Amino acid sequence: MSDEELDALQEEFQRLPPSPYRDHLIRCAKRQGRKEGRQEGRQEGRQEGQEALLNVAANLMTPSEVASLATRSLGEIAAEIAARVSALAGPQPQG
């Protein structure tokens, strides 16, 4: 639900006569708007994270490998990048 839709709902609810039910409707609409906003924020964060990981992968892998990574989850992409970096770094001395 967009900000404009929430504003329109709030204005509509404000025109209703004062009552606990009206106040309940206003609180529910606000709560729903915040919930949807958080979901949209998480989705945008996932997309940004995936883009960042794929940019790193582009420096380590072939374009076809990067393209195949784009269909995987963030955790899988990160694990694959970590494995590639670890392989490039070679065995670490113990000490």
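The structure this text deals with has already been given above.
Residues numbered from 1 in each chain as written. Predicted model: local features only at pLDDT ≥ 70, side-chain atom pairs only at ≥ 80, totals over all residues. Heavy atoms only, no water.

K.L.:
Tell me what's going on with the pattern of salt bridges, and back it up with residues and numbers.
P.N.:
Enumeration according to the criterion identifies three salt bridges in this entry. We note a salt bridge from glutamate 76 to arginine 72, for which the minimum N-O separation is 4.0 Å. Using a relative accessible area of 34% as the deciding quantity, one classes arginine 72 as partly exposed. Glutamate 80 serves as the salt-bridge partner of arginine 84, at 3.3 Å between the closest nitrogen and oxygen. Of this pair, arginine 84 and glutamate 80 both sit in helix α4 (residues 74-89), four residues apart, roughly one helical turn. Three or more residues joined by partner-sharing salt bridges are found here, namely Glu65, Glu80 and Arg84. (Salt bridge = Lys/Arg side-chain N within 4 Å of Asp/Glu carboxyl O. Buried < 20%, exposed > 50% of the residue type's maximum accessible area, 1.4 Å probe, protein only. Helix = DSSP H or I, 4+ residues; strand = E, 2+ residues; numbered from the N terminus.)

Keep in mind these numbers describe shape, not what the thing actually does.
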